[in-house]
Amino acid sequence: MRSEPADICNRNEGTTLNDTKRVIALGFFDGVHTGHGALLSRVREKAAALEAVPTAFTFDAHPGSRITGAVTPLINSAADRADLMRRLYGIREIIVAHFDSMMRMPWEDFITEYLVKEQGAVHVVAGHDFHFGYKGEGNPRRLAEKCAALGVGCDIIPKIEKEGITISSTYIRTLIAQGEMERADAFLGHPHVLTDRVAHGKKLGSTLGFPTVNLHFPPGVLVPAYGVYATRVWFENGDSRPAVTNIGMRPTVDDGDSVSVEGYILDFQGDLYGQTIRMEFFRRLRGERKFPSLDALREEVMRNAQQTRDYFAAFKAQ
């Protein structure tokens, strides 16, 4: 199929021959953690050597959700996954395939017809636990053997551990859900991110003297433990500022059951409404709680602002 210039390319199955050479990482890459980074770094290195396009292949839905029927919350949106792979590892193309179709494809056809003929793979990289094709019958051993027979390069990356724990999206989801953001970031190898377009809020922050930006987690994306976080916000022009960000129901102002992401950007004046910003999460400062008055809330936010300034001052000094 014709290569698209965008970072994310939605590709259906077909038989079109592709004359673009690609080195392709295979996986779902939720969170784009350091285990995934071993695959993606190898792809970048091999692509440079072969003068090919560094590419990642992923699915439009979490395999576990489709196979078991149990909903698996995602660490990142598809757009954030693509941005992390591009920004941190130099991946130029992201191939997003329909999982429902792929799970019906014989494993041999996935390699010969899809990866090699349709996507132009000259080298593939997969993890030690990657399964593919009908009933998951494709595995790393079969992938390596078939690629060898076709004259296509293949690397199988062993599991990556940190502190004796296998780095996995499942473990990192647990950390984020519990608000253990610093540990989650250590296993991710980068700050946990949320990218969204700034929406209008109730402007309560402006009334209290700390104007905020309002974001939302997309449907299906994991919401971290409710509370206040030290974060950093990146603007469209490449600048960034520290921010104090609350995730939760805002019980002091009785927001009902609506989850909000409200960031008070420190030392910033301006209107960001309609702009797309990237928020990076570093540390959970406290849990969410209800205050007896708006004055008490304001006093606590100012204290959290100082905590955030101190955190990033120490972080920069490291």
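Cut-offs and rules
- Residues numbered from 1 in each chain as written.
- Predicted model: local features only at pLDDT ≥ 70, side-chain atom pairs only at ≥ 80, totals over all residues.
- Heavy atoms only, no water.
- Helix = DSSP H or I, 4+ residues; strand = E, 2+ residues; numbered from the N terminus.
- Buried < 20%, exposed > 50% of the residue type's maximum accessible area, 1.4 Å probe, protein only.
- Contact = heavy atoms within 4.5 Å.
- Areas by Shrake-Rupley, 256 points an atom, 1.4 Å probe, with all protein chains shown as cover.
- 1 Å grid on protein atoms, 1.4 Å probe; cavity = no way out; pocket = protein on both sides within 12 Å on 5 of 7 lines; lining within 4 Å.
- Points joined across faces, edges and corners; volume = space filled by probe spheres on them.
- Nonpolar A, V, L, I, M, F, W, Y, C, P; charged D, E, K, R; others polar.
- Pairing = 2+ DSSP bridges.
- Axes fitted to C-alpha atoms, helices over the stretch in contact; angles between N-to-C directions.
- Salt bridge = Lys/Arg side-chain N within 4 Å of Asp/Glu carboxyl O.
- Parallel < 35°, antiparallel > 145°, perpendicular 65-115°, else oblique.
- Left-handed = near helix turned anticlockwise from the far one by under 90°.
- Disulfide = S-S within 2.5 Å.
- Expected span 1.5 Å × (residues − 1).

Colleague: How would you summarise the overall build of the chain if you had to cite specific residues and measurements?
Modeller: Along its length, the chain carries 10 helices and 14 strands. Buried positions account for 49% of the 318 residues belonging to the chain. Taking the contacts inside the chain whose residues are at least 6 apart along the sequence as the reference set, 72% of them involve residues at least 24 apart. As displayed, the chain has an accessible area near 14,800 Å², and 51% of this comes from carbon and sulfur atoms.

Colleague: Explain the environment of alanine 225 residue by residue, including any values.
Modeller: By secondary structure assignment, the location of alanine 225 is in the loop between strand E10 (212–215) and strand E11 (227–234). Separated by 44 residues in the primary sequence, alanine 225 and methionine 181 place their C-alpha atoms 9.4 Å from one another. The contact partners of alanine 225, leaving out residues within four places of it in the chain, are Ile176, Ala177, Gln178, Gly179 and Arg284.

Colleague: Which residues make up the layout of surface pockets, and what are the values?
Modeller: Of the voids in this model, the largest pocket is the one considered here, and its volume is about 870 Å³. Lining the largest pocket are 38 residues, and of these Gly27, Phe28, Asp129, Phe130 and His131 lie nearest its centre. Those elements that provide at least two residues to the lining of the largest pocket are helix H1 (34–50), helix H2 (63–68), helix H4 (99–102) and helix H7 (169–177). Here the lining of the largest pocket is composed, by residue class, of 17 nonpolar, 15 polar and 6 charged.

Colleague: Give me the lowdown on the sheet that holds E11, citing residues and values where you can.
Modeller: Strand order in the open sheet formed by 6 strands is E9-E14-E11-E12-E13-E10, and the pairing between neighbours is antiparallel. Looking at the sheet topology across the chains shown, the edges are occupied by strand E9 (192–197) and E10. Adjacent strand axes in the sheet meet at a mean angle of 35°, parallel and antiparallel pairs treated alike. Sheet topology note: the E10/strand E13 (residues 260–265) ladder contains 4 bridges and is antiparallel. Pairing of asparagine 214 across the sheet is with glutamate 262, part of E13.

Colleague: If you had to explain the pattern of salt bridges to someone new, which residues and values would you point to?
Modeller: For side chains of opposite charge, pairing can occur when their charged atoms come near one another. Tallying each qualifying case throughout the model produces 16 salt bridges. A salt bridge links glutamate 280 to arginine 278, with the shortest nitrogen-to-oxygen separation between them at 3.4 Å. Through salt bridges with shared partners, a single network forms among Arg286, Arg289, Glu300 and Arg303.

Colleague: Hey, could you go over unusual backbone geometry for me, with residue numbers and the actual values?
Modeller: For residues besides glycine, phi is generally negative; the peptide bonds are generally trans as well. In this structure, valine 32 takes a positive phi of about 50° despite not being glycine. With respect to the element layout, valine 32 can be found in the loop between strand E2 (22–26) and H1. A positive phi angle is found at aspartate 267, which is not glycine, with a value near 55°. Position of aspartate 267 among the secondary structure elements: in the loop between E13 and strand E14 (276–287).

Colleague: How would you explain the packing of helix H5 (residues 107–118) against helix H6 (residues 140–150) if you had to name every residue and give the values?
Modeller: Put simply, H5 and H6 touch, their axes get as near as 10 Å, and they point 50° apart. Considering the angle they form, H5 stands oblique to H6. Between H5 and H6 the crossing geometry is right-handed. Contacts between H5 and H6 involve Trp107, Ile111, Thr112 and Val116 from the first element and Arg142, Leu143, Lys146, Cys147 and Leu150 from the second. Of the residues in the contact of H5 with H6, the class split is 6 nonpolar, 1 polar and 2 charged.

Colleague: Tell me about the environment of isoleucine 247, and please be specific about residues and values.
Modeller: Tracing the backbone through its elements, the reader meets isoleucine 247 in strand E12 (residues 240–248). Overall, isoleucine 247 belongs to the buried group, its relative accessible area being 0%. Note: C-alpha distance between isoleucine 247 and glycine 287 (40 residues apart in sequence) is 9.3 Å. Residues within four places of isoleucine 247 in sequence aside, it is in contact with Phe217, Val223, Pro224, Tyr226, Gly227, Tyr229, Ser260, Val261, Phe281 and Glu288.

Colleague: Break down the environment of alanine 121 for me, with residues and values.
Modeller: Positionally, alanine 121 belongs in strand E5 (residues 121–127). Classification of alanine 121 by relative accessible area gives buried; the value is 6%. Remark: the alpha-carbon pair of alanine 121 and cysteine 147, spanning 26 residues in sequence, is separated by 10.0 Å. Aside from chain neighbours lying at most four places away, what touches alanine 121 is Arg22, Ile24, Leu115, Val116 and Val152.

Colleague: Could you give me a rundown of the pairing of E13, with the residues and numbers involved?
Modeller: Burial analysis of E13 places 6 of its 6 residues in the buried class, the great majority of the element. The pairing of E12 with E13 spans 6 bridges and is classified as antiparallel. Paired with asparagine 246 across the strands is glutamate 262, a residue of E13.

Colleague: Describe in detail the state of the cysteines, supporting the description with residues and values.
Modeller: One pass over the structure, following the stated rule, counts 0 disulfides. Cysteine cysteine 147 remains unbridged, with the sulfur of cysteine 154 as its closest cysteine sulfur at 4.5 Å.

Colleague: Pulling in residues and values, what's your account of helix H3 (residues 78–89)?
Modeller: An α-helical turn contains 3.6 residues, so a residue and the one three or four places further along point in the same direction. Between its first and last C-alpha, H3 extends 16 Å over 12 residues, near the 16 Å set by a 1.5 Å rise per residue. Here H3 has its buried residues at Asp80, Arg81, Ala82, Asp83, Leu84, Met85 and Tyr89. At the exit of H3 stands glycine 90, carrying a positive phi of roughly 70°.

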